[in-house]
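So you can see what is in the structure, the chains are spelled out below.
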Amino acid sequence: MNYGEMTSLLKQRGIEISNETCVKFDQYLHLLVEWNEKFNLTSITSEGEVIEKHFYDCLLASDPTLMVNQNVADLGSGAGFPGLVWAIAYPTCQFTLIDATKKKCSFLEEVAKALNLDNVKVINGRIEQLPPELRESFDIVTARAVAELRILLELGTPLLKIGGTFIAMKGSQGEEELQKATHACRVLGLGEAKILHSELPNSDGKRINLYLPKIKKTEKRYPRNYADIKKKPL
Ligand code: SAH
């Protein structure tokens, strides 16, 4: 996929990406390829694949009507997916990118600096150990490829404000994971999910993105420590 194909496919979904924004994506792509020679940030490094499997995939999950003046957290952002991609596309929103791996956080900071993104903050730490002032402070919490949905929702829902949305980017197992998470949603204070099916045009990547509204406060005892969350998911 190239930038022209990406923008015209996104347009069909109501997502408008300007040429100036694509220039920034291209700077990001080159930094990603450069850093990847030293550190293993992603297994996807060919230009066309980065555009399709990282940029296009992340933008597809974004809802442009929602992405105005929002405070967004990206859990386990890795090399910036979807958080940094969204930060480039949606400059009126503030982004907090969280990752436990230091070198990934250094990369995120480097890209934010090189692209003059003043709407990005990076936290090198574990999601379940964030400072209490971040609790119920985000309008949107998102994640791609971090954990099974039940685990992910326990980690992230405490960070969401009531009225906010959890956007979970999932693959072909998205609906099965959602079914298994019925109890977790109820316990954590999430309402009924909206489900968006899509596909990546040049790969067999079936994408299922879930949009879960937070309707009730999450009890203080969540998130539990990581060992307990993993051993006994909600
Ligand atoms: N979202 C990115 C990266 C996925 S890899 C993408 O889609 O490409 C998963 C990332 O989550 C890793 O970088 C890992 O360090 C981070 N991670 C996993 N569990 C975490 C936790 N509990 N707290 C913070 N980061 C975590």
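Just so you know, these numbers come straight off a predicted model, no measurement behind them. (Residues numbered from 1 in each chain as written. Predicted model: local features only at pLDDT ≥ 70, side-chain atom pairs only at ≥ 80, totals over all residues. Heavy atoms only, no water.)

A.B. asks: Could you clarify how one ought to interpret the pairing of strand S2 (residues 94-99) in this entry?
C.D. replies: The side chains of a regular strand alternate between the sheet's two faces. Of all 6 residues making up S2, 5 are buried, and the element is well covered by its neighbours. With respect to chirality, the unit in which strand S1 (residues 71-75) leads through helix H4 (residues 83-89) into the neighbouring parallel S2 is right-handed. The sheet contact formed by S2 and strand S3 (residues 120-124) spans 5 bridges and is parallel. Residue Asp99 lies in a different strand from S3, and its bridge partner there is Asn124. Following the chain from S2 across helix H5 (residues 102-114) to the adjacent parallel S3, one finds a crossover that is right-handed. (Buried < 20%, exposed > 50% of the residue type's maximum accessible area, 1.4 Å probe, protein only. Helix = DSSP H or I, 4+ residues; strand = E, 2+ residues; numbered from the N terminus. Right-handed = clockwise from strand over helix to strand, strands pointing away. Pairing = 2+ DSSP bridges.)

A.B. asks: What's the story with the site of the ligand in this structure? I'm lost.
C.D. replies: As a matter of local geometry, the ligand sits amid 15 residues, with Gly76, Phe81, Asp99, Arg126 and Arg144 nearest to it. Here Ala100 contributes a backbone N or O atom positioned 3.1 Å from a nitrogen atom of the ligand. Relative to its unbound accessible surface of 570 Å², the ligand loses 82% to contact with the protein. Structurally, the ligand is housed in the largest pocket. Taken together, the residues of the shell around the ligand break down into 5 nonpolar, 5 polar and 5 charged. (Near = heavy atom within 4 Å. Polar contact = N/O pair within 3.5 Å; in protein donor to acceptor, adjacent residues only side chain to side chain. Areas by Shrake-Rupley, 256 points an atom, 1.4 Å probe, with all protein chains shown as cover. 1 Å grid on protein atoms, 1.4 Å probe; cavity = no way out; pocket = protein on both sides within 12 Å on 5 of 7 lines; lining within 4 Å. Sits in = over half its atoms within 2 Å of the grid points. Nonpolar A, V, L, I, M, F, W, Y, C, P; charged D, E, K, R; others polar.)

A.B. asks: Any chance you could explain the pattern of salt bridges here in plain terms?
C.D. replies: Should the charged atoms of two oppositely charged side chains come close, the side chains can pair. Scanning the model with the defined rule gives 10 salt bridges in all. Its salt-bridge partner being Lys214, residue Glu136 comes within 3.2 Å of it at the nearest N-O pair. Of this pair, Glu136 sits in the loop between S3 and strand S4 (138-144) while Lys214 sits in the loop between strand S7 (206-213) and helix H9 (226-231), and the two are 78 residues apart along the sequence. Assessed through its relative accessible area of 2%, Lys214 is described here as buried. (Salt bridge = Lys/Arg side-chain N within 4 Å of Asp/Glu carboxyl O.)

A.B. asks: It is not clear to me how the nonpolar core should be interpreted in this structure. Could you clarify?
C.D. replies: Across soluble globular proteins, you tend to see nonpolar side chains buried next to one another. Met6, Phe25, Tyr28, Phe55, Val85, Trp86 and Phe107 are the most contacted members of the largest nonpolar core, which has 51 residues in total. At the level of elements, helix H1 (3-12), helix H2 (19-36), helix H3 (47-60), H4, S2, H5, S3 and strand S5 (160-170) are the ones that each hand at least two residues to this core. Not counting residues within four places of it along the chain, the set of residues in contact with Tyr28 comprises Phe55, Ala79, Gly80, Phe81, Leu84, Val85, Ile88, Phe107, Val111 and Leu115. Counting residues in hydrophobic clusters, the runner-up holds 33 residues, among them Cys185, Leu190, Leu210 and Leu234. (Core = buried A, V, L, I, M, F, W, Y, C linked by side-chain atoms within 4.5 Å. Contact = heavy atoms within 4.5 Å.)

A.B. asks: Quick question: what am I supposed to make of the side chain of Asp99 here?
C.D. replies: Residue position: Asp99 is located in strand S2. Nearest to the buried, unbridged Asp99 among oppositely charged side chains is Lys104, at 5.3 Å. Aside from chain neighbours lying at most four places away, what touches Asp99 is Gly76, Ser77, Gly78, Lys104, Cys105, Ile123, Asn124 and Gly125. (Lys, Arg positive; Asp, Glu negative; His and termini not counted.)

A.B. asks: What exactly am I supposed to notice about the layout of surface pockets here?
C.D. replies: Space inside the largest pocket adds up to approximately 450 Å³. Lining the largest pocket are 25 residues; nearest its centre among them are Gly76, Asp99, Arg144, Ala145 and Val146. Partitioned by chemical class, the residues of the lining of the largest pocket number 12 nonpolar, 7 polar and 6 charged. There is about 260 Å³ of room inside the second largest pocket. Lining the second largest pocket are 15 residues, with Ser62, Asp63, Lys194, Leu196 and Tyr211 positioned closest to its centre. (Points joined across faces, edges and corners; volume = space filled by probe spheres on them.)

A.B. asks: What's the story with the packing of aromatic side chains in this structure? I'm lost.
C.D. replies: Aromatic rings considered in pairs are described by the distance between their centres and by the relative angle of their planes. Applying the stated rule across the entire model yields 6 aromatic pairs. Ring centres 4.9 Å apart and planes at 25 degrees place the aromatic pair Phe25 and Phe55 in the stacked group. Here Phe25, found in helix H2, pairs with Phe55, found in helix H3; they are 30 residues apart in sequence, far enough to count as distant. Taken as a pair, Phe25 and Phe55 share a single burial class, namely buried. Judged by centre distance (5.8 Å) and plane angle (20 degrees), the ring pair of Tyr28 and Phe81 falls under stacked. Here Tyr28 is found in helix H2, whereas its partner Phe81 is found in the loop between S1 and H4, with 53 residues between them in sequence. Among the residues examined, Tyr28 registers a relative accessible area of 0% and is labelled buried. On the accessibility criterion, Phe81 (6% relative accessible area) is buried. Feature note: the residues Phe25, Tyr28, Trp35, Phe39, Phe55, Phe81 and Phe107 constitute an aromatic cluster, connected by ring pairs. (Phe/Tyr/Trp six-rings, centres within 6.5 Å; stacked < 30°, edge-to-face > 60°.)

Nothing here speaks to function; it is all geometry.
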